[in-house]
Amino acid sequence: MIIRTATFLQSNTKIDKLPSANKPEYAFIGRSNVGKSSLINMLTNKRQLAKTSSTPGKTITINHFLINEEWYLVDLPGYGFAQRSKKDREAWKVMLDNYITNRKNLISMFVLVDSRIEPQKIDLEFINHLGELQMPFGIIFTKIDKIKESELHRNVNIYKERLSEEWEELPPIFVTSSEKEIGKDDVLNYIESLNKLF
C-alpha cells in the first residue's frame, strides 16, 4: 500500500462524537514512550502527523486520521502511566473499553511493545484483556534498530512462548524501526489485506 494522503480529523473522548463508522479502522496503542507517534508518522510519511513527546502519557484522547480517503488510523491513549492518578487511569480504561466494544468498524488493534525488553506484565495483561473483549489485534515490536538481531529474535521468541501459555493461536507479529523505516510495508500490506474484507 502507498500512502498518498494522511489527514488529522479530530481528537475526542466521547464515542458518540467519533467520525462516521463507514470506513475500516485500525487503532494503535502501547505503553507510554513505546514509540507510537514515531511509528504512525513513519507509516504515513508525515513527520508531524502524530505529536511525539518526551513526556509519558501525552496522548489522552482518541485521535482519528483519515488515510488515502479510505480508512481510519487511530492513535489511542497509552496505558500504564505511573504519573497519573488511579482515578484518571480508571477513566481511560472505561473510555478504551467503551471504544473497543462499541466501535463497529474497528477491524484490528495494533499493540506496540519495545523490542529491547522482555514481556512486561502490563503488556501481557492488556493483550489478554483484548482477548476477553474478542478484539482482533497484531503485535508491533518497535525500535529494532536499537538492538542486536540476536537479542531481537530472543525477545520475540520469549513473547511467543509467553503468549502460547494463554493463546491457542498467536496474533500477527511485526518488527519495526521508525528511524530506518523497517517493517513499514509489512504493516501497511496487512492493513490493505484487511481493508479488502471490509
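Here the structure is a predicted model, which means the values were calculated and not measured.

What counts and how
- Residues numbered from 1 in each chain as written.
- Predicted model: local features only at pLDDT ≥ 70, side-chain atom pairs only at ≥ 80, totals over all residues.
- Heavy atoms only, no water.
- Helix = DSSP H or I, 4+ residues; strand = E, 2+ residues; numbered from the N terminus.
- Rg over C-alpha atoms; globule rule 2.2 N^0.38 Å.
- Buried < 20%, exposed > 50% of the residue type's maximum accessible area, 1.4 Å probe, protein only.
- Contact = heavy atoms within 4.5 Å.
- Areas by Shrake-Rupley, 256 points an atom, 1.4 Å probe, with all protein chains shown as cover.
- Axes fitted to C-alpha atoms, helices over the stretch in contact; angles between N-to-C directions.
- Parallel < 35°, antiparallel > 145°, perpendicular 65-115°, else oblique.
- Left-handed = near helix turned anticlockwise from the far one by under 90°.
- Nonpolar A, V, L, I, M, F, W, Y, C, P; charged D, E, K, R; others polar.
- Pairing = 2+ DSSP bridges.
- Salt bridge = Lys/Arg side-chain N within 4 Å of Asp/Glu carboxyl O.
- Polar contact = N/O pair within 3.5 Å; in protein donor to acceptor, adjacent residues only side chain to side chain.

### Notes on the overall build of the protein
Secondary structure summary: the protein contains five helices and seven strands in total. The order of helices and strands in the protein, counted from the N terminus, is β-β-α-β-β-α-β-α-β-α-β-α. The C-alpha atoms of the protein give a radius of gyration of 16 Å, which matches the 16 Å a tight globule of 198 residues would have. Along the longest, intermediate and shortest principal axes, the C-alpha atoms of the protein span 45 × 40 × 35 Å. Expressed as a percentage of the 198 residues in the protein, the buried residues total 50%. The contacts in the protein between residues at least 6 apart in sequence include a share of 76% that link residues at least 24 apart. With an accessible surface of roughly 10400 Å², the protein has 47% of that area assigned to carbon and sulfur atoms.

### Things to note about the packing of helix α3 (residues 121–132) against helix α4 (residues 149–164)
At a minimum axis separation of 12 Å, α3 and α4 run at an interaxial angle of 50 degrees. Classified by the angle between their axes, α3 and α4 sit oblique to one another. The two elements α3 and α4 cross, and the hand of that crossing is right-handed. Facing α3, whose interface residues are Asp123, Leu124 and Ile127, α4 presents Tyr159, Arg162 and Leu163. Looking at side-chain class alone, the contact of α3 with α4 contains four nonpolar, no polar and two charged residues.

### Side note on the sheet that holds strand β6 (residues 137–142)
Pairing is mixed across the open sheet formed by seven strands, whose spatial order is β1-β3-β4-β2-β5-β6-β7. Edge positions in the sheet fall to β1 (6–12) and β7 (173–175), since each has one partner strand and no second. Mean inter-strand twist for the sheet, computed between neighbouring axes without regard to direction, equals 25 degrees. Contacting β5 (106–114), β6 and β7, α4 runs over the sheet at an angle of about 160 degrees to β7.

### Some points on the pattern of salt bridges
Under the defined criterion, the tally for this structure stands at 11 salt bridges. In this structure, Arg103 engages Glu25 in a salt bridge whose closest nitrogen and oxygen atoms are separated by 2.9 Å. Of the two residues, Arg103 sits in the loop between α2 (86–102) and β5 while Glu25 sits in strand β2 (residues 25–30), which places them 78 residues apart along the sequence. Glu125 is the partner of Lys121 in a salt bridge, and the nearest nitrogen-oxygen pair spans 2.7 Å. Residue Lys121 and its partner Glu125 are both found in helix α3; the two are separated by four residues, about one turn of the helix. Given the relative accessible area of 44%, Glu125 is considered partly exposed. Connected through shared salt-bridge partners, Asp145, Lys146 and Glu179 make up one network.

### Quick notes on the environment of Asn63
Take Asn63: it is sitting in strand β3 (residues 62–67). Judged by its relative accessible area of 9%, Asn63 falls in the buried class. C-alpha separation for the pair Asn63 and Ile122, spaced 59 residues apart in sequence, amounts to 22 Å. When sequence neighbours within four positions are dropped, the list of residues in contact with Asn63 reads Phe8, Gln10, Ser11, Leu73, Val74 and Asp75. Here Ser11 takes part through its side chain, which lies 2.3 Å from a polar atom of the side chain of Asn63.

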